[in-house]
Amino acid sequence: MFDIRWIRENREAFDRGMQRRGLQPQAERLLEIDEERRKLLTELQELQNRRNAASKEIGAAMKAGERERAEALKAEVAEMKRRLQALEDAAREVEEKLRAALSELPNIPLDEVPDGESEDDNVEVRREGTPRAFDFEPKEHWQLGEALGMMDFEAAAKLSGSRFVVLKGDLARLQRALAQFMLDVQTREHGYEEVWPPLLVRDDALFGTGQLPKFAEDLFRTTDDRWLIPTAEVPLTNLVRESILPQDALPQRYCALTPCFRSEAGAAGRDTRGMIRQHQFDKVELVSITTPEEGRAELDRKLACAEDILKRLGLPYRVMLLCAQDMGFSAQITFDLEVWLPGQGKYREISSVSLCGDFQARRMNARYRPQDEKKPRFVHTLNGSGLAVGRALIAVMENGQNEDGSITIPEALRPYMGGQEMIGG
RNA sequence: GGAGGGGUGGCUGAGUGGUCGAAAGCGGCGGUCUUGAAAACCGUUGAGGGCCUUGCCCUCCGGGGGUUCGAAUCCCUCCCCCUCCGCCA
């Protein structure tokens, strides 16, 4: 959410940002509403001022026993009333209109973000690890999983429909091992505080992180008007909503392993096979709350925290800098990590790390009190996957597969698998 | 599900329809004292917004509406939190 005063003073920069996002210039429309709003406010405040003065005089006149003067003043104030009421209504209406308009606009990209319209315009920053050379045709994860009898899409369809999976036996355990491994690395080595958050949240929380009001169709809603979280970014970031933190409490780093629920409304026909794109998946999420000055450096740090998991699992990946129109609604800049899937022969997204600036903080009114300043300022927020567990499972399977369909477990996970080195075979 | 209690500044917590943006305490900041610190004492300290922007004004005591010349205070309504009972993992 943008500060209308900032738009007023940085009109060109704002519209340039909107344009990079693929939107028409917005400033003129917004500033018209703003001008209307300020005009009404000024008029309203003048009238309120007069009313207040008259009311005080009435009190004084009554005390002094000047009944006639008090009555005259009462009549005068009574006359203002209708006009005052009308102005109040109009002012509230136009403020709401402005708020509604602002709340639908995406964050604007930082200068270092490349222009572009789709994922084809994302920029590869670097590659890490070398894809393994196979002396046989590597299979896709669902082929491996089904052959092992540990990954069952048919059973899941009976229970829940498409885009669900049932994992069994060692694969179920491997999924659990991956999640525990990620949590342990992030909390014990990278300074994140482990959080066990609610999975059902209110409208306000989703407004705060930017999923609402615009993206309701991507979410699952409960019968009592709560929502299933699409990512732990929502509860973790909203931990600081409506608060003023002391500066020395920053940065705050939160980490949570949660299921995530997504309707995948706009993804019909995409990734229908296998467990790449599911309605329900586990993810270890990393959220940071920082000062404005520290935000950009924290982004690099968080990216490194996510990469560390891939490195320790021995999974080849590449780092992508997303182009302006491929970024999420609330992001100023996003790096994706794409893991190599030999079965598919493609790099696929496994983590997304974003800096949101004060965009979310404004929406949730999350502030801090700077050491040497009187006024509170908005915090900056960041989030990133560290990592998506289901996709990590796929990657471990496809990269660790053997010709006989067995899977070699990465060393880092073996302590979490009771020392086991292989699945199947 | 039943019954009750409550939402006030960074926090805790008073508040009689007018002089209440609001006592007091805590916390913060500045000072006195001290070699330094603590303690003590003194002072100071809410947020948002408008404008002819250094001063003046407006709004805000959960949200909205109402009564009134005037509402934190009275009425209505919605939201939220808590306690007890019941049920339950």
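Our structure is the block above this text.
Residues numbered from 1 in each chain as written. Chains lettered and ligands numbered in written order. Predicted model: local features only at pLDDT ≥ 70, side-chain atom pairs only at ≥ 80, totals over all residues. Heavy atoms only, no water.

## Structural notes on helix H6 (residues 153-160)
Inference 1: Structurally, the start of H6 carries an N-cap: the backbone nitrogen of Glu154 is 3.1 Å from a side-chain oxygen of Asp152.
Inference 2: The positive-phi residue at the C-terminal boundary of H6 is Gly161, with phi of around 105 degrees. (Polar contact = N/O pair within 3.5 Å; in protein donor to acceptor, adjacent residues only side chain to side chain. Helix = DSSP H or I, 4+ residues; strand = E, 2+ residues; numbered from the N terminus.)

## Considerations on the packing of helix H7 (residues 169-189) against helix H10 (residues 295-313)
Inference 1: Contact pair H7 / H10: the axes reach a minimum separation of 11 Å and the direction vectors enclose 130 degrees. Judged by the inter-axis angle, H7 sits oblique to H10. Of the two possible hands of crossing, H7 and H10 adopt the one that is right-handed. Where H7 abuts H10, its residues Leu178, Phe181, Met182, Val185, Gln186 and Glu189 lie against Cys305, Ala306, Asp308, Ile309, Arg312 and Leu313.
Inference 2: Here the contact of H7 with H10 is composed, by residue class, of 8 nonpolar, 1 polar and 3 charged. (Axes fitted to C-alpha atoms, helices over the stretch in contact; angles between N-to-C directions. Parallel < 35°, antiparallel > 145°, perpendicular 65-115°, else oblique. Left-handed = near helix turned anticlockwise from the far one by under 90°. Contact = heavy atoms within 4.5 Å. Nonpolar A, V, L, I, M, F, W, Y, C, P; charged D, E, K, R; others polar.)

## Observations regarding the nonpolar core
Inference 1: In this structure, Met151, Leu174, Leu178, Met182 and Leu393 are the most contacted members of the largest nonpolar core, which totals 59 residues.
Inference 2: Per element, the largest residue contribution to this core is 9 residues, and it comes from H7.
Inference 3: Every residue in contact with Met182, bar those within four places of it in the chain, is listed here: Val284, Ile309, Gly386, Leu387, Ala388, Val389 and Ala392.
Inference 4: Grouped together as the second largest cluster of nonpolar side chains are 26 residues, Leu30, Leu47, Leu87 and Leu98 included. (Core = buried A, V, L, I, M, F, W, Y, C linked by side-chain atoms within 4.5 Å. Buried < 20%, exposed > 50% of the residue type's maximum accessible area, 1.4 Å probe, protein only.)

## Here's the deal with the sheet that holds strand E8 (residues 252-261)
Inference 1: Here we have 8 strands laid out as an open sheet, ordered E1-E10-E11-E12-E15-E9-E8-E4, and mixed in their pairing. The open sheet terminates on both sides in strands that have one partner only, identified here as strand E1 (123-128) and strand E4 (193-194). (Pairing = 2+ DSSP bridges.)

## A look at the sheet that holds strand E7 (residues 244-246)
Inference 1: If you trace the 3 strands from one edge of the open sheet to the other, you get E7-E13-E14, paired in mixed fashion. Strands with a single pairing partner mark the edges of an open sheet, and in this sheet they are E7 and strand E14 (377-378).
Inference 2: As judged from the 3 bridges shared by E7 and strand E13 (residues 367-369), these two strands associate in the parallel manner. What sits directly across from Pro246, in E13, is Arg369.

## What to know about the packing of H7 against helix H12 (residues 389-400)
Inference 1: The geometry of H7 relative to H12 is characterised by a closest axis approach of 9 Å and an angle of 115 degrees between their N-to-C directions. In terms of crossing hand, the pair formed by H7 and H12 is right-handed. Counting all contacts with H7, which are made through Leu171, Leu174, Gln175, Leu178, Ala179 and Met182, the residues of H12 involved are Val389, Gly390, Ala392, Leu393, Val396 and Met397.
Inference 2: Split into classes, the residues belonging to the contact of H7 with H12 amount to 10 nonpolar, 2 polar and no charged.

## Points about the packing of aromatic side chains
Inference 1: In the structure shown here, the tally under the stated rule is 9 aromatic pairs.
Inference 2: With a centroid separation of 5.3 Å and 75 degrees between ring planes, the pair formed by Phe215 and Phe329 is classed as edge-to-face. Of this pair, Phe215 sits in the loop between helix H8 (203-209) and strand E6 (227-228) while Phe329 sits in the loop between strand E10 (317-321) and strand E11 (333-341), placing them 114 residues apart in sequence.
Inference 3: Residue Phe215 is classed as partly exposed on the basis of its relative accessible area of 27%.
Inference 4: By relative accessible area, Phe329 is classed as buried at 11%. (Phe/Tyr/Trp six-rings, centres within 6.5 Å; stacked < 30°, edge-to-face > 60°.)

## A look at the environment of Gly390
Inference 1: With respect to the element layout, Gly390 can be found in helix H12.
Inference 2: Residues Gly390 and Ile350 lie 40 residues apart in sequence; the distance between their C-alpha atoms is 9.0 Å.
Inference 3: Not counting residues within four places of it along the chain, the set of residues in contact with Gly390 comprises Gln175, Met275 and Asp282.

## Examining the pattern of salt bridges
Inference 1: Summed over the entire model, instances satisfying the criterion amount to 29 salt bridges.
Inference 2: Where Arg99 meets Glu96, a salt bridge forms, and the shortest distance between an N and an O atom there is 3.5 Å. Placement of both Arg99 and Glu96 in helix H4 (residues 67-103) is noted, with a separation of 3 residues, approximately one turn of the helix.
Inference 3: Each of Arg8, Asp34, Arg37, Arg38 and Glu95 takes part in one network of salt bridges that share partners. (Salt bridge = Lys/Arg side-chain N within 4 Å of Asp/Glu carboxyl O.)

## Things to note about helix H5 (residues 141-148)
Inference 1: For H5, the complete set of buried residues consists of His141, Trp142, Leu144 and Gly145. Buried residues along H5 cover an arc of 160 degrees about the axis, so they all sit on one side.
Inference 2: Buried positions along H5 lie against strand E2 (151-152), H6, H7 and H12.
Inference 3: One or two steps after H5, the chain reaches Gly149, where phi turns positive at roughly 75 degrees. (Arc of directions from axis to C-beta.)

## Remarks on the pairing of strand E9 (residues 280-290)
Inference 1: Burial analysis of E9 places 9 of its 11 residues in the buried class, which makes it a mostly covered element.
Inference 2: Across 10 bridges, E8 lies against E9 in antiparallel orientation. Across the sheet, Gln252 pairs through a bridge with Ile289, a residue of E9.
Inference 3: The sheet contact formed by E9 and strand E15 (residues 380-388) spans 7 bridges and is antiparallel. In the strand pairing of E15, Ser288 is matched with Leu382.

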